[in-house]
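Here is how the chains run, residue by residue.
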Amino acid sequence: MFKATKALAALLLLTLVTGCTSVSASEVASPSAASTENPYGGFAVDNPADNEVILTITGPTGTQNFSISQLRTLEAKEFSIMEPFAKSKQSFKGVQLSTLFALVGIEGSSKVSTMALNDYKFDDLAENFTGSNGILAYERDGAVIPMDQGGPIRIVFPTGSKYFTYLDSWNWSLRSISVVE
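Every value quoted in this text rests on a predicted model; they were computed, and no experiment measured them. (Residues numbered from 1 in each chain as written. Predicted model: local features only at pLDDT ≥ 70, side-chain atom pairs only at ≥ 80, totals over all residues. Heavy atoms only, no water.)

1. What to know about the pairing of strand 2 (residues 62-67)
Heads up, the condition is: The rule for pairing is simple: two strands pair if DSSP sees at least two bridges between them. Secondary structure elements follow DSSP: runs of H or I of four or more residues count as helices, runs of E of two or more count as strands, with numbering from the N terminus.
Sheet topology places strand 1 (residues 53-59) next to strand 2; 6 bridges connect them, and they run antiparallel. The residue bridging isoleucine 57 from the neighbouring strand is glutamine 64, located in strand 2. Here strand 1 folds back onto strand 2, and the loop between the two strands holds 2 residues.

2. Details of the sheet that holds strand 10 (residues 174-179)
Paired through backbone hydrogen bonds, the strands of a sheet run either parallel or antiparallel to each other. The cut-off we apply is this: Working convention: axes come from line fits to C-alpha atoms, limited for helices to the stretch in contact. Angles between N-to-C directions cover 0 to 180 degrees.
Strand order in this open sheet of 5 strands is 2-1-10-5-6, and the pairing throughout is mixed. Looking at which strands have only one partner, the edges of the open sheet turn out to be strand 2 and strand 6 (121-125). Averaged over all pairs of adjacent strands, the angle between their axes in this sheet comes to 15°, without regard to strand direction. Here strand 5 (residues 111-116) runs beside strand 6; their pairing, made up of 5 bridges, is antiparallel. By the bridge assignment for strand 6, lysine 111 is matched with leucine 125.

3. Re the packing of aromatic side chains
In plain terms, the rule: When the centres of two rings from Phe, Tyr and Trp lie within 6.5 Å, Trp using its six-membered ring, the rings pair. Their planes under 30 degrees apart give stacked, over 60 give edge-to-face, and anything left gives tilted. The cut-offs for exposure are 20% and 50% of the maximum accessible area for each residue type, with area from a 1.4 Å probe on protein chains only; residues under the lower value are buried, those over the upper are exposed, and the others partly exposed.
For the coordinates displayed, the defined rule picks out 12 aromatic pairs. Taken together, a centroid distance of 5.6 Å and an interplanar angle of 70° make the contact between phenylalanine 122 and tyrosine 166 edge-to-face. With phenylalanine 122 in strand 6 and tyrosine 166 in the loop between strand 9 (154-156) and strand 10, this pair connects stretches of sequence that are 44 residues apart. According to the relative accessible area criterion, phenylalanine 122 is buried, its value standing at 7%. For the ring pair phenylalanine 157 and tryptophan 170, a centre distance of 5.8 Å and an interplane angle of 65° mean the geometry is edge-to-face. Here phenylalanine 157, found in the loop between strand 9 and strand 10, pairs with tryptophan 170, found in the loop between strand 9 and strand 10; they are 13 residues apart in sequence, far enough to count as distant.

4. Some points on the side chain of serine 169
Rules: Residues adjacent in sequence count toward polar contacts only when both atoms are side-chain atoms; beyond that, a polar contact is any pair of N or O atoms within 3.5 Å, and within protein one must be able to donate a hydrogen and the other to accept it. By definition, residues are in contact when any of their heavy atoms lie within 4.5 Å.
Inspection of the secondary structure puts serine 169 in the loop between strand 9 and strand 10. Note on serine 169: relative accessible area 0%, which makes it buried. In terms of polar contacts, serine 169 uses its side chain to reach the backbone carbonyl oxygen of tyrosine 166, at 2.7 Å. Among all residues touching serine 169, those that are not within four sequence positions of it are Phe122, Phe129, Ile155, Phe157 and Tyr163.

5. Brief notes about the environment of isoleucine 68
Looking at the element boundaries, isoleucine 68 is found in helix 3 (residues 68-71). Judged by relative accessible area, isoleucine 68 falls into the buried class, the value being 6%. Through-space distance from the C-alpha of isoleucine 68 to that of valine 53 is 7.7 Å; in sequence the pair is 15 residues apart. Setting aside anything within four residues of it in sequence, one finds isoleucine 68 in contact with Asp50, Glu52, Ile54, Tyr138, Pro152 and Ile153.

6. Examining the confidence of the model for the protein chain
Rules: Each residue gets a pLDDT score, which is the predictor's confidence in that residue and runs from 0 to 100.
In the predicted model, the protein chain carries a mean pLDDT of 80, and the fraction of residues at 70 or more is 76%. Confidence drops under a pLDDT of 50 for residues 1-36, and excluding neighbours within four residues, the segment shows 59 contacts in the predicted structure.

7. What about unusual backbone geometry?
Each neighbour pair has its own omega, and for glycine 151 with proline 152 the value is 5°, a cis peptide bond. Among the secondary structure elements, proline 152 is positioned in the loop between strand 8 (143-144) and strand 9. Backbone geometry places serine 173, a non-glycine residue, at a positive phi of 50°. Inspection of the secondary structure assignment puts serine 173 in the loop between strand 9 and strand 10. Looking at serine 173, the relative accessible area reads 4%, which means it is buried.

Now the structure itself:
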């Protein structure tokens, strides 16, 4: 699925050491800590090349692999939020999950599994992701999302949506989405 590169090897080490774990609102860093510490942990790692496969989506009609450059060809959505892990205002740009689900035939009643590079897994109905207007973000504040800060892609929800406060669903450093049977 991924080319073996130094960056990915370092990322795998990073994710094994620091992890992408579910966090409750009470465990999120305070605003003062957010300014001096990386809430995602880890160290800087080079992002994958623009044409390197970073996401695999599997649904009833097949499997599709995506690179950042391929994701950028799809219609984008953008919004600003008070990011719940970093506790700072950030703008995210990405592809609506409903668009990605439609490409492989994932319907609202399908149970999907999102999997991060460190094997953090979150399962739920597709309609909960799409009903909360979730996006697969590939930019934060107009730039590529660094690997050590939840990149290169991550699931993000707009303020006021049901899943904005359900932090388990905010899977970062995402590598796959698939239907669970």
